[in-house]
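# Examination of the molecular architecture
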Amino acid sequence: MIEKKELLSEGKAKSLYSTSNNGELLMVYRDDTSAFDGKKTEALKGKGEINNRFNAFIMEYLSDNGINTHFLKETSNNESLVKSLDMLPVECVVRNIATGSLCRRLGVEQGLKFENPLFEFFLKNDELGDPLINDNHIIAFEWGTQEEIDKMKELTFKINELLCSLFDDAGLILVDYKVEYGRHSEGLILGDEFTPDGCRIWDKETGESLDKDRFRKDLGDVVESYQIVAHKLGISI
Ligand code: C5P
């Protein structure tokens, strides 16, 4: 029996607890949903459970395909046990199709498909609105080493290949997503989560958004859309 101990941090949608197992933490997926750096928030019933399930499925799929992740196991409907990592303060975003902040920033056409997926680093800082940064910022401010930068890019592109094909087979398009990494005695490994809260997924036939854009844009049926994606991927809920 894993005992939940001290609350270590409370993010916008997840809480992290220490446990009786040394070096292992409990990640609790809450129903809370937030967008625009916390300016829009709402609790969406059932989202914590679906995200916990969704994340477990993706993390196990990635692990089966050679990506080392912090995920260990689901311990309840909305909780999972993970390895404790020393997280790097950066977000890695890969875009297969232009949309979201990229279009606002560069004035490019929405829906432009990239022959070569685009990789971007953002600094994790809500007050600053998670600004775009590059490799040199990471080195100059010592947020990570060159080796870690190279590893993050290599892993994030490998994840892209694996997940694009997984989603494509399920009739879905993986438009873009964000992942985060942390240091562990095993090296730099995938941390945080992979859920429809942190990626964009479009239906291949209709182009309909089935991710957190439904919340951002007030389209409704947020949790229902996450369930549709889970169902198409064969995730048992
Ligand atoms: O907003 P933007 O277009 O830059 O987002 C790119 C991708 O990264 C989207 O899938 C979005 O859900 C994800 N993202 C995230 N957390 C952030 C910023 C972006 O999950 N803080």
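Residue positions are given per chain, counting from 1 as you read along its sequence in written order. Reporting in this predicted model follows two pLDDT cut-offs: at least 70 for local features of residues, and 80 or more for side-chain atom pairs to be given and counted; totals over whole chains, interfaces and linings ignore these cut-offs and use all residues. Only heavy atoms go into the side-chain values, all of them from the structure, while hydrogens and water stay out.

Accessible area lost upon the coming together of the parts serves often as the stated size of an interface. Along its sequence, the protein chain is organised into domain 1 (4-83) and domain 2 (86-221). A domain assignment, automatic or from a database, supplies the domain bounds used here. For domain 1 and domain 2, the distance between their C-alpha centroids amounts to 18 Å. Counting from both sides, the interface comprises 30 residues of domain 1 and, opposite them, 27 residues of domain 2. Summed over both partners, the accessible area lost on bringing two parts together, with a 1.4 Å probe, is the buried area. The contact between domain 1 and domain 2 buries some 2500 Å² in all, and 62% of this surface belongs to carbon and sulfur atoms. Salt bridge, as used here: a side-chain nitrogen of Lys or Arg that lies within 4 Å of a carboxyl oxygen of Asp or Glu. Viewed at the interface, domain 2 and domain 1 are joined by 6 salt bridges. A 3.5 Å cut-off defines polar contacts: any pair of N or O atoms within that distance qualifies, except that in protein one atom must be a possible hydrogen donor and the other a possible acceptor, and neighbouring residues in sequence count only when both atoms are side-chain atoms. Seen at the junction of domain 1 and domain 2, the total is 15 residue pairs in polar contact (both at pLDDT 80 or more). Secondary structure elements are defined from DSSP: runs of H or I of at least 4 residues count as helices, runs of E of at least 2 residues count as strands, and each element is numbered from the N terminus. Elements that contribute at least two residues to the side of domain 1 that touches domain 2 include exactly strand E3 (24-29), strand E4 (32-35), strand E5 (40-43) and helix H1 (47-64). By residue class, the composition of the side of domain 1 that touches domain 2 is 13 nonpolar, 10 polar and 7 charged. Pairs of residues are marked as contacts when any of their non-hydrogen atoms sit within 4.5 Å. As a working rule, the residues Ala, Val, Leu, Ile, Met, Phe, Trp, Tyr, Cys and Pro are called nonpolar, Asp, Glu, Lys and Arg charged, and the rest polar, with Gly in that last group.

Note that side chains of opposite charge can pair when their charged atoms are close. Going through the model one piece at a time under the given rule, you end up with 25 salt bridges. The partner of Arg 95 in a salt bridge is Asp 176, with the nearest N and O atoms 3.7 Å apart. Taken together, the positions of Arg 95 in strand E9 (residues 90-97) and Asp 176 in strand E12 (residues 172-179) put the pair 81 residues apart, joining distant regions of the chain. Overall, the relative accessible area of 3% leaves Arg 95 in the buried class. Through salt bridges that share partners, Lys 14, Glu 91, Lys 124, Lys 178, Glu 180, Asp 192 and Glu 193 make up one connected network. For every residue, the accessible area obtained with a 1.4 Å probe (protein chains only) is divided by the maximum for its type, and the residue is called buried under 20%, exposed over 50%, and partly exposed between those limits.

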